[in-house]
Amino acid sequence: MSACYLIMSKLPLICSVLMVTSLLAACEDPGMRVGGPCRYEESLVEGIVARHEGAGFVLQTADGELFVADGNLYNVPEVGDKVTLRRQLIVSGTCTPEIFSVVEPDVAE
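Report follows, based on the coordinates. For every chain, the first residue of the written sequence is number 1, and numbering continues from 1 onward in sequence order. For this predicted model, a pLDDT threshold of at least 70 governs which residues receive local features, and a threshold of 80 or more governs which side-chain atom pairs are given and counted, while totals over whole chains, interfaces and linings are taken from all residues. The side-chain values count all of the structure's non-hydrogen atoms but skip hydrogen atoms and water molecules.

**Notes on the overall build of the protein**
Then, number 1: A run of H or I in DSSP counts as a helix once it spans at least four residues, and a run of E counts as a strand once it spans at least two, with each numbered from the N terminus. On a plain count of helices and strands, the protein comes out with two helices and five strands.
Then, number 2: Secondary structure of the protein in N-to-C order comes out as α-β-β-β-β-β-α.
Then, number 3: Accessibility here uses a 1.4 Å probe with only protein chains present; expressed as a share of the type maximum, an area under 20% marks a residue as buried, one over 50% as exposed, and anything in between as partly exposed. Counting only residues that meet the buried cut, the protein has 16% of its 109 residues in that class.
Then, number 4: The contact criterion used is simple: two residues touch if any of their non-hydrogen atoms lie within 4.5 Å. Within the protein, counting contacts between residues at least 6 apart in sequence, those at least 24 apart form 52% of the total.

Structure (structure tokens):
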């Protein structure tokens, strides 16, 4: 009996064991995924639109300037508009780091 014959006769068994092992490894529960659920810290930001810059605008607030990307808002305010924004800043997780939305005047007061 040659060594080649022994290897060839065991090949189907070896392939079967490898396939079953691979399937079982693929079904293993990976546990908690990186990032987990996202949590945000929420605040209101009031200011006047100072200028448009690139794909956003600069809001002049009592604490200084804040850049707001246009993609965060449905309607981009004009220069000189007074706006109140709800700012959600991520504190845990791997979601969008900062979210802005316009607050209706009666909600902010």
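**A closer look at the pattern of salt bridges**
Then, number 1: Whenever a carboxyl oxygen of Asp or Glu lies within 4 Å of a side-chain nitrogen of Lys or Arg, that contact is scored as a salt bridge. For the coordinates displayed, the defined rule picks out four salt bridges.
Then, number 2: Note that Arg 86 and Glu 42 form a salt bridge whose closest N and O atoms lie 3.1 Å from each other. Of this pair, Arg 86 sits in strand E4 (residues 82-92) while Glu 42 sits in strand E1 (residues 39-53), placing them 44 residues apart in sequence.
Then, number 3: Connected via shared salt-bridge partners are Arg 51, Glu 53 and Glu 65.

**A look at the state of the cysteines**
Then, number 1: Two cysteine sulfurs form a disulfide in these notes if their separation is within 2.5 Å. Enumeration according to the criterion identifies one disulfide in this entry.
Then, number 2: At a sulfur-sulfur separation of 1.8 Å, the disulfide partner of Cys 38 is Cys 95. Note on the Cys 38 and Cys 95 pair: the S-S dihedral is about 90°, so by sign convention the disulfide is right-handed. Separated by 57 residues along the polypeptide, Cys 38 in the loop between helix H1 (3-26) and E1 and Cys 95 in the loop between E4 and strand E5 (98-102) bring together distant segments of the chain.

**Observations regarding the sheet that holds E4**
Then, number 1: DSSP bridges decide pairing: two strands pair if at least two such bridges lie between them. Pairing is antiparallel across the open sheet formed by five strands, whose spatial order is E3-E2-E1-E4-E5. Looking at which strands have only one partner, the edges of the open sheet turn out to be strand E3 (64-69) and E5. Pairs of neighbouring strands in the sheet enclose a mean axial angle of 45°, with direction left out of account.
Then, number 2: When strand E2 (residues 56-61) meets E3, the two strands line up antiparallel, connected through six bridges. Looking at the pairing, Gln 60 lines up with Glu 65 of E3. Structural elements are reduced to axes, namely lines fitted to C-alpha atoms, with helices fitted over the stretch in contact, and the angle between N-to-C directions of any two is expressed from 0 to 180 degrees.

**Things to note about the side chain of Thr 61**
Then, number 1: With respect to the secondary-structure elements, Thr 61 resides in strand E2.
Then, number 2: Ignoring anything within four residues of it in the chain, the contact list for Thr 61 reads Val 45, Glu 46 and Gly 47.

**Focus: the nonpolar core**
Considering soluble globular proteins, one finds that nonpolar side chains tend to be buried as a cluster.
Then, number 1: By size, the foremost hydrophobic cluster in this structure holds ten residues: Val 45, Val 49, Phe 57, Leu 59, Leu 66, Val 68, Leu 73, Val 83, Leu 85 and Phe 100.
Then, number 2: Mapped onto this core, the elements with two or more residues apiece are E1, E2, E3 and E4.
Then, number 3: Those residues in contact with Phe 57 that sit more than four places away from it in its chain are Val 49, Arg 51, His 52, Leu 66, Phe 67, Val 68, Asp 70, Leu 73, Val 76 and Pro 77. Working definition of a nonpolar core: buried Ala, Val, Leu, Ile, Met, Phe, Trp, Tyr and Cys residues. They are joined through side-chain atoms within 4.5 Å.

These figures come from the coordinates and say nothing about function on their own.
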